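Structural overview
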Amino acid sequence: MEHTNDAIDRNALGSALSRNWVATVAVIWCGQAASVFATCAASFAALWYITESTASPLWLSFASAAALLPVALLSPFGGVTADRFKRKRIMIIADGAAGALSLAFALIIFADQTSISLMLLILAARASAQAFHSPAFSALMPSLVPERHLVRINSMDQAVTSLSSIAGPALGILLYNLVGLGGVMVLDAACAAFACLCLGIAQVPPQAASTAAPSTVLGDLREGVAIIMRDTGLRNLMLLVMTTMLLFMPASSLTPLMTYQHFGGDGWQASIVEATFGVGLLAGSALMAVWGGGKRRAAVLVVSGIALGAAIAGCGLLAPSMFPAFAALMGVAAAAMGCFNAPLLPIMQTRAPASALGRVMGILLTGSTLVAPVGLVVSGVLAEQVGISTWFVMCGALTVACCAAGLASKSIRSLDDGK
């Protein structure tokens, strides 16, 4: 992100930016990156603790639900909060609450009073904090950077997530073996405190106050839904993204089964696929960060979705002896997913009214989170009936068809015209 002319730099909402806006974004971003990385390490260490302690798929399922459901259920309310109160303050409170929970859990572990049930409660509470943090962060970003850099910033955030998913578990298990679960939780708390410090010293532009009459929380939620429903392009784009996630997320979850059942692979080969996927996602995010996505963001999104579906379908057409090609195609699919995700938030951030950004982001987060478990259940049933390789072909073909329909949709294409 080069800083061009301080006098004319304006944020994505049209307001003038300060001379040091690049430094402000860098400070906030560094704090958030450290927090994401530590949280990924702590989450993996917690899951490994549950695995060692119970060896129970049921308890692992409960842990996944504890980390997922609060985000899905509470994000709309987090969006309302982000529109009603100062977003920077909400992020500090959410990061601080998550860090305090990790520190409290570390003290409980050091006192030898931990239990699996308590761990699930902590995971759910931390996820609840995330449900308020994410909409506030997404709604704050357009006020910090020029519109031309929104795709790059979101790509950098995605790259951090990709790196965390690759290196976070390794760090988590290393620290778990060296200092135990309590030590990992202390690291998570320290990084959350660092994120709060970075937010505290960052100077953000004043938040635009809503001119609407005061209303109830449910009234605010209804208004957020109404904003999306009135905007045909925005509504259809959200439906397209949710459908793509419904089809793709199970594919990424069932790749170990594909490796084992279709290609006759072992755990080592399954880990190669996971690593290739992470590298591909990082490569796609890096490409978007460097390129910026151009002016046709909606077109980039749907074309990337078509490439994603084609790669998934191609995986199902491979012979059992073609495992290297499978790993490569999963890397291509991940890179396409990186390009698919990057333009989404900038489109939403520039399309929705500034005073309702939090609500729109919260609704998007809820929708994209809820489709994951639904897709897993449906795909599990279908894969059992038709076979795992056939299911990959079906899933990929449906993704191609949905995204091709999106490319043909006049309302989605109009998102690139600002109409």
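Right, let's walk through the structure included here. (Residues numbered from 1 in each chain as written. Predicted model: local features only at pLDDT ≥ 70, side-chain atom pairs only at ≥ 80, totals over all residues. Heavy atoms only, no water.)

**Overview of a nonpolar patch on the surface**
Worth spelling out the cut-off: Patches in this entry comprise residues that are over 30% relatively accessible and not in a salt bridge; like charges within 9 Å are linked, as are nonpolar side chains (Val, Leu, Ile, Met, Phe, Trp, Tyr) within 5 Å. Accessible surface area values rest on a Shrake-Rupley calculation with a 1.4 Å probe, where residue burial reflects the displayed protein chains alone. Any Lys or Arg side-chain nitrogen located within 4 Å of an Asp or Glu carboxyl oxygen qualifies as a salt bridge. A run of H or I in DSSP counts as a helix once it spans at least four residues, and a run of E counts as a strand once it spans at least two, with each numbered from the N terminus.
Taken together, the side chains of Leu246, Val374, Val378, Leu382, Val386 and Met394 define a hydrophobic patch exposed on the protein surface, amounting to about 420 Å² of accessible area. Considering every element that reaches the nonpolar patch, the biggest residue donor is helix α13 (residues 357–386), with four residues.

**Some remarks on the packing of aromatic side chains**
When we look at a pair of aromatic rings, we describe it by the centre distance and by the angle of the planes. We count it as follows: Working definition: a ring pair exists when centres of Phe, Tyr or Trp rings (six-membered ring for Trp) sit within 6.5 Å. Plane angles under 30 degrees give stacked, over 60 give edge-to-face, the rest tilted. Exposure categories follow from relative accessible area, calculated using a 1.4 Å probe and restricted to protein chains: below 20% of the type maximum is buried, above 50% is exposed, and the middle band is partly exposed.
Under the defined criterion, the tally for this structure stands at six aromatic pairs. On the numbers, 6.1 Å between centres and 20° between planes, the contact of Phe248 with Phe277 is stacked. Here Phe248, found in helix α7 (residues 232–253), pairs with Phe277, found in helix α9 (residues 267–291); they are 29 residues apart in sequence, far enough to count as distant. You can call Phe277 buried: its relative accessible area is 18%.

**Focus: unusual backbone geometry**
A positive phi angle is found at Asp112, which is not glycine, with a value near 60°. Along the chain, Asp112 turns up in the loop between α3 (87–110) and α4 (116–140). Taking relative accessible area as the criterion, Asp112 reaches 64% and is therefore assigned exposed.

**Here's the deal with the nonpolar core**
To be explicit about the condition: Nonpolar core, defined: a set of buried Ala, Val, Leu, Ile, Met, Phe, Trp, Tyr and Cys residues in which side-chain atoms within 4.5 Å join the residues together.
Of all hydrophobic cores here, the largest spans 54 residues; its most connected members are Leu237, Ile312, Phe326, Met330, Met348 and Phe392. Of all the secondary-structure elements, those providing two or more residues to this core are α6 (217–230), α7, α9, α10 (297–317), α11 (323–341), α12 (344–351), α13 and α14 (388–408). The next biggest cluster of nonpolar side chains, apart from the first, holds 20 residues, and it includes Ala46, Phe105, Ala106 and Ile109.

**A word on the packing of α3 against α4**
For any two helices packed against each other, the geometry is given by the interaxial angle and the distance between the axes. Applicable threshold: Axis definition: a line fitted to C-alpha atoms, over the contacting stretch in the case of helices. Angles run 0 to 180 degrees between N-to-C directions. Roughly parallel refers to an angle under 35 degrees, roughly antiparallel to one over 145, roughly perpendicular to one between 65 and 115, and oblique to any angle outside these ranges. Should the near helix be turned anticlockwise from the far one by less than a right angle, the crossing is left-handed, and should it be turned clockwise, the crossing is right-handed. The contact definition used throughout considers only heavy atoms, calling two residues in contact when any of these lie within 4.5 Å. Charged residues are taken to be Asp, Glu, Lys and Arg, nonpolar residues to be Ala, Val, Leu, Ile, Met, Phe, Trp, Tyr, Cys and Pro, and polar residues to be all remaining types, Gly included.
It is the contact of α3 with α4, at a shortest axis distance of 8 Å, that shows an interaxial angle of 160°. On the basis of the axis angle, α3 is roughly antiparallel to α4. The element α3 and its partner α4 pack so that their crossing is left-handed. Together, Arg87, Ile90, Met91, Ala94, Asp95, Ala98, Leu101, Ser102, Phe105 and Ile108 of α3 and Leu118, Met119, Ile122, Ala125, Arg126, Ala129, Phe132, His133, Ala136, Phe137, Ala139 and Leu140 of α4 make up the contact between the two elements. Residue composition of the contact of α3 with α4, by class: 17 nonpolar, two polar and three charged.

**Regarding the side chain of Ser414**
The cut-off we apply is this: Polar contact is defined as a pair of N or O atoms within 3.5 Å, subject to the rule that within protein one atom must be able to donate a hydrogen and the other to accept it, and that residues adjacent in sequence are counted only when both atoms are side-chain atoms.
By the element assignment, Ser414 lies in the segment after α15 (410–413). Separated by 2.6 Å, the side chain of Ser414 and the backbone oxygen of Ser411 make a polar contact.

**Topic: the environment of Met119**
By the secondary structure assignment, Met119 is in helix α4. Between the C-alpha atom of Met119 and that of Ala46, which follows or precedes it by 73 residues, the distance is 7.9 Å. Sequence-distant contacts of Met119, defined by excluding residues within four places in its chain, comprise Ala46, Tyr49, Ile50, Phe105 and Leu181.

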